[in-house]
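Chain residues, written in single-letter form:
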Amino acid sequence: MISDVVDWLSCPHCATALIVEAGAGSRLVCEEGHAFDVARPGYVSLLAGAGAGGTADTAAMVADRAAFLGAGHYAGIADLVAGLASEVGAGDDSEGTCVLDLGAGTGYYLARVLDAVDRPGIALDISKHAARLAAKAHPRIGAVVADAWAGLPVRGRSASVVLNVFAPRNPREMRRVLHPRGRAIVVVPEPDHLRELIAEYALMAVDDRKPERLREQFADRFRIESEHPHSARPTLSAEQVSQVVGMGPNAWHERAEEVRSGGAVTVAVRAYVLSPT
Ligand SMILES: C[S@@+](CC[C@H](N)C(=O)[O-])C[C@H]1O[C@@H](n2cnc3c(N)ncnc32)[C@H](O)[C@@H]1O
Ligand SMILES: [Zn+2]
């Protein structure tokens, strides 16, 4: 719930602390009086401006993502991330910190992490459709609509773990909100991830499959502490192929119903544990 995470949030306009307004429980208010309604499904929008709306997952993409993840084909990735999160973090200093997931989508990975780490979690995503599901994904999740490219409406040194799974990365802000003894866990696809589908369905729209790119992005503020490759080869039904196509940013997602056959696909990702420098 939002009340679980409000202590780590800040006003997107003036950066002062937010509190849940006494009595109502459906509004957050900052010290300067800026107010933000908590939407009925339980998330709050802390977008300062219009935001990078173009990159927000649509309702259809989020529905496909929820259905696909629900079938468990990426459960191995969730296990990996949850295992890493329970090993790293701020140790004894983690009291008073939260877990932040940037570009959290449906909250699938964050929920698994919170099962392993007894802290509250902020699911931040620019898509309100994603935030609606993330708000329900775990009792200790507070879901926030915000732009990962802008200054995050999150107080400095808040998070013992910052997660980033297949999502936009903002190293400067990730560093600012991370507790000095915390760790970032970043998951990126490997070059052969879903290779059976790439050519057919133009799945390569986002080119972040290059490890050098990640290294360069984080070099100024983080050190790569460890790397954890994960691969699997699940067999997908035609419907699941259409969901995995539909949940991604590619030209095909409006034609996903044209997918006629399933088959085995390569799942290949790499998780990086990053420590702040
Ligand atoms: C490929 S999805 C991954 C979602 C989730 N981490 C997962 O793996 O299931 C990318 C997510 O980033 C979100 N996103 C895109 N642009 C964003 C931005 N500027 N700020 C915050 N979230 C953004 C999308 O709405 C989407 O939910
Ligand atoms: Zn304010």
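What you see is a predicted model; the values in this text were computed from it and never measured. (Residues numbered from 1 in each chain as written. Chains lettered and ligands numbered in written order. Predicted model: local features only at pLDDT ≥ 70, side-chain atom pairs only at ≥ 80, totals over all residues. Heavy atoms only, no water.)

Draft legend 1. Quick peek at the layout of surface pockets. There is about 200 Å³ of room inside the second largest pocket. Lining the second largest pocket we find 18 residues, and of these Pro-12, Ala-48, Gly-151, Leu-152 and Pro-153 sit closest to its centre. Classifying every residue of the lining of the second largest pocket by side-chain character gives 11 nonpolar, 4 polar and 3 charged. (1 Å grid on protein atoms, 1.4 Å probe; cavity = no way out; pocket = protein on both sides within 12 Å on 5 of 7 lines; lining within 4 Å. Points joined across faces, edges and corners; volume = space filled by probe spheres on them. Nonpolar A, V, L, I, M, F, W, Y, C, P; charged D, E, K, R; others polar.)

Draft legend 2. Molecular detail of the packing of helix α2 (residues 59-70) against helix α9 (residues 238-246). At a minimum axis separation of 8 Å, α2 and α9 run at an interaxial angle of 130 degrees. In terms of orientation, α2 lies oblique with respect to α9. Like other packed secondary-structure pairs, α2 and α9 cross with a definite hand, here left-handed. Of the residues in α9, those in contact with Met-61, Asp-64, Ala-67 and Phe-68 of α2 are Gln-240, Ser-242, Gln-243, Val-244 and Gly-246. (Axes fitted to C-alpha atoms, helices over the stretch in contact; angles between N-to-C directions. Helix = DSSP H or I, 4+ residues; strand = E, 2+ residues; numbered from the N terminus. Parallel < 35°, antiparallel > 145°, perpendicular 65-115°, else oblique. Left-handed = near helix turned anticlockwise from the far one by under 90°. Contact = heavy atoms within 4.5 Å.)

Draft legend 3. Expanded view of the side chain of Asp-64. Its location among the elements puts Asp-64 in helix α2. Buried and without a salt bridge, Asp-64 has Arg-65 as its closest oppositely charged side chain, separated by 9.3 Å. Among all residues touching Asp-64, those that are not within four sequence positions of it are Ser-242, Gln-243, Gly-246 and Met-247. (Buried < 20%, exposed > 50% of the residue type's maximum accessible area, 1.4 Å probe, protein only. Lys, Arg positive; Asp, Glu negative; His and termini not counted. Salt bridge = Lys/Arg side-chain N within 4 Å of Asp/Glu carboxyl O.)

Draft legend 4. Representation of the site of ligand 1 in the model. Residues in contact with ligand 1 amount to 19 residues; listed here are only the nearest, Thr-55, Gly-103, Asp-125, Asp-147 and Ala-148. Interatomic distance of 2.7 Å between a side-chain N/O atom of Thr-55 and a nitrogen atom of ligand 1. Ile-126 has a polar backbone atom sitting 3.2 Å from a nitrogen atom of ligand 1. Expressed as a share of its isolated accessible area of 590 Å², the protein-covered part of ligand 1 is 94%. For the shell around ligand 1, the class distribution of residues is 11 nonpolar, 4 polar and 4 charged. (Near = heavy atom within 4 Å. Polar contact = N/O pair within 3.5 Å; in protein donor to acceptor, adjacent residues only side chain to side chain. Areas by Shrake-Rupley, 256 points an atom, 1.4 Å probe, with all protein chains shown as cover.)

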